[in-house]
Amino acid sequence: MAKTKKATAVGVLFLTIWLATMWVCILLTASSALFNWPHRETVAVEEKRALAARPDYRSLPKKLWGQATEGWYNDHFPFRQAIVPFFRNLNINILRSPVGYNVPGRGKWVFGRGREWPEVEDYMGVIKLTPQMVDDWRTLFEGRVAWAEAMGSRYLEVITPMKIHVHPEKVLPLIAMHRRESYREDLRHALDESFSGTNVLFLIDSLSAEVASGREVYYEEDHHENAYGCYCIYRDLAAAIRALGFTGIHDFPLYEDLVPEDVREGRAPGCWIRDRRLVVSNPDAKVAASETLGIPARSIRFPRCPIYLEQPGPHRMMVVFHDSFLRYPLSTWYERGDMGAFAIPFMGGFDRIAMLIFKRCTTELLEGLFREEKPDLIVEQFSEGRLQYGPVGLDETMRRAAAWGRGTPLDGNPSPGASILAAAVFDDLDTSSAGAGISAKLIDVSGETLSKITLAPGARRVAFFGQVAFSDGLRIDMGDATFSSAELLLRSP
């Protein structure tokens, strides 16, 4: 009897607490909606994302109502902005246990795990690149380099490291004792023997050297490089571009102690660190609009939108495909209302720079750049964590371009029937047929079509015909298409 009463009392107590909690949450949610207390946030700064909006039940299938309601409530329950950081701090810094994709390191340092940011898995040697994947990555880079050079441009791949490899001294001993070689090294070894190796910049070496000198180059609580690390990345990017032969790029000054007044007021170039962010003064560079690239001078999506910069320099254009590594540590990441204040620590060499955030190269996007303009340099930046998913944009065009890049100049006139590589380059290619592709045919002396490539109109276009049999009198048939110049190029495989 006594046991039954005690069990009943416990049950009543549990039910009371549960009901009280439920009603308090309901009342506080109503109060937040009506009176904005507790304050309703729309953006979770710590989580770097917009919070879920109230579901539009009229446009949602009924089977998704529960899921949508739960997602909205999870993002807006009372005092969420205080409870979530408390829960994370309790687990990461006190209990030293993982939370979501975060794995604790020394002090307040955290590292990533899981599919989106597999730092710990790579550090421990869990992830491997298959030989086929390594070959595909090498083929993609070779194709991009050869394609760009055939288009009269240059290509640079920039691969930013995951911070666990740059700051291994921050890893807890239990994980540190299982350290293995990163799968990054398999690709680097393959590129040592590739003509594209000089066009692929792995930033792991430079950033690791900064850490060895006593610097920290990543945020302890985030996977992005910190303000100083961001400066180092732009510094190394400028050096790599100079190494490709582009002149006129100046060293951008960083002031870590006293910031000159003219720099602080935006009248002279320079950058400094404020509130853990990199503030950049680059008065000669201005945010502008590009009609040909479809980039406006202002966007409500700033800073997560394409940006076009104009500055003094040689008449050259650089297009950068990149992720948040080139923007997140900048002070303008949170200055959402002033897109005109955006600046990067890069001077000279180019008078136009297009920065396409959250875009990865594809052949379609690359060819679109040459629809009306002829960019002088194309840069793609992404994190090495993406290497495990395989190359983005490896298609038949890039495979043929890679084969062309591996070819060598012809040594004399080949004998009839000898295997050769053929390509053709066109300037100002156009057609009178609206919306139609242009068929470029490689024809031998007998009139037989050896290879056919479909091209779109553009300021410059290249057709990689692949491997064909040589014969005297090779020619190109472009149908009714027009062009200002055309050149047939031959190589030995």
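Residues numbered from 1 in each chain as written. Predicted model: local features only at pLDDT ≥ 70, side-chain atom pairs only at ≥ 80, totals over all residues. Heavy atoms only, no water.

## Quick notes on the sheet that holds strand β13 (residues 317-322)
If you walk across this open sheet you meet the seven strands as β6-β5-β16-β13-β15-β12-β11, and the pairing is mixed. The sheet is open, and its two borders are formed by β6 (200-202) and β11 (286-288), each paired with just one other strand. Averaged over all pairs of adjacent strands, the angle between strand axes in this sheet comes to 20°, irrespective of strand direction. The pairing of strand β5 (residues 154-160) with strand β16 (residues 377-383) spans seven bridges and is classified as parallel. When the sheet's bridge partners are listed, I159 is paired in β16 with F382. Sitting on the sheet, helix α10 (residues 227-243) is in contact with β5, β6, β13, β15 (352-357) and β16, with an inclination near 150° to β5. (Pairing = 2+ DSSP bridges. Helix = DSSP H or I, 4+ residues; strand = E, 2+ residues; numbered from the N terminus. Axes fitted to C-alpha atoms, helices over the stretch in contact; angles between N-to-C directions. Contact = heavy atoms within 4.5 Å.)

## Let's talk about the sheet that holds strand β22 (residues 475-477)
Sheet strands line up and pair through hydrogen bonds in the backbone, either parallel or antiparallel. What the three strands build is an open sheet, ordered β20-β19-β22; its pairing is antiparallel. Lying at the two open borders of the sheet, with one neighbouring strand each, are β20 (449-455) and β22. Across the sheet, the axes of successive neighbouring strands diverge by a mean angle of 25°, strand direction being ignored. Of the pairings in the sheet, the one linking strand β19 (residues 438-443) to β22 comprises three bridges and is antiparallel in character.

## Some remarks on the nonpolar core
The biggest cluster of nonpolar side chains holds 103 residues, and the ones touching the most others in it are W147, L156 and I241. Within the second largest apolar cluster, 17 residues are counted, among which are I420, A422, A440 and L455. (Core = buried A, V, L, I, M, F, W, Y, C linked by side-chain atoms within 4.5 Å. Buried < 20%, exposed > 50% of the residue type's maximum accessible area, 1.4 Å probe, protein only.)

## Quick notes on helix α13 (residues 396-406)
For α13, the full list of buried residues reads M398, A401, A402, W404 and G405. The buried residues of α13 occupy one face: seen down the axis, they fall within an arc of 160°. Check the buried side of α13 and you find it contacts α5 (131-150), α12 (363-369), β18 (419-429), β21 (458-469) and β23 (485-492). (Arc of directions from axis to C-beta.)

## A closer look at the packing of helix α9 (residues 204-212) against α10
Following both chains from N to C, one finds α9 and α10 inclined at 135°, their axes separated by 10 Å at the closest point. As far as their axial angle goes, α10 and α9 are oblique. As for how α9 packs across α10, the hand of that crossing is right-handed. Touching S206, L207 and E210 of α9 are Y228, G229, C232, I233, R235 and D236, all from α10. (Parallel < 35°, antiparallel > 145°, perpendicular 65-115°, else oblique. Left-handed = near helix turned anticlockwise from the far one by under 90°.)

## Observations concerning α5
Here α5 is 20 residues long and its end C-alpha atoms lie 28 Å apart, about the 28 Å a rise of 1.5 Å per residue gives. Burial of α5 is extensive: 14 of the 20 residues sit out of reach of the surface. Where α5 terminates, the next one or two residues include G152, which has phi positive at roughly 80°. (Expected span 1.5 Å × (residues − 1).)

## Thoughts on a nonpolar patch on the surface
On the surface, F14, L15, W18, L19, W23, I26 and L27 cluster together to form a nonpolar patch covering roughly 760 Å² of accessible area. Here F14 lies in helix α1 (residues 2-35). The exposed category is assigned to F14, whose relative accessible area is 59%. (Patch = residues over 30% accessible without salt bridge, like charges linked within 9 Å, V, L, I, M, F, W, Y side chains within 5 Å. Areas by Shrake-Rupley, 256 points an atom, 1.4 Å probe, with all protein chains shown as cover. Salt bridge = Lys/Arg side-chain N within 4 Å of Asp/Glu carboxyl O.)

## Looking at the packing of α5 against α13
Between α5 and α13, whose axes approach to 7 Å, the crossing angle comes to 75°. By the angle class used here, α5 and α13 are roughly perpendicular. From α5, D136, T139, L140, E142, G143, R144, A146 and W147 reach across to α13, where they touch T397, M398, R399, A401, A402, G405 and R406. In the contact of α5 with α13, the residues fall into six nonpolar, four polar and five charged. (Nonpolar A, V, L, I, M, F, W, Y, C, P; charged D, E, K, R; others polar.)

## Quick look at the side chain of E142
Summarising the element assignment, E142 is placed in helix α5. Classification of E142 by relative accessible area gives buried; the value is 1%. Here the side chain of E142 touches S194 through a polar contact of 2.6 Å, side chain to side chain. In contact with E142, other than residues within four places in its own chain, are S194, F195, S196, A402 and R406. (Polar contact = N/O pair within 3.5 Å; in protein donor to acceptor, adjacent residues only side chain to side chain.)

## Here we look at the environment of G405
Here G405 lies in helix α13. Judged by its relative accessible area of 18%, G405 is buried. G405 has contacts with A146, F195 and R491, leaving out every residue within four places of it along the chain.

## Focus on the pairing of β13
Along a regular strand, successive side chains alternate from one face of the sheet to the other. Burial analysis of β13 places six of its six residues in the buried class, the great majority of the element. Of the two faces of β13, both are covered, the one formed by M317, V319 and F321 as well as the one formed by M318, V320 and H322. Note that β13 and β15 share six bridges and pair parallel. Note on β15: the bridge partner recorded for M318 is I353.

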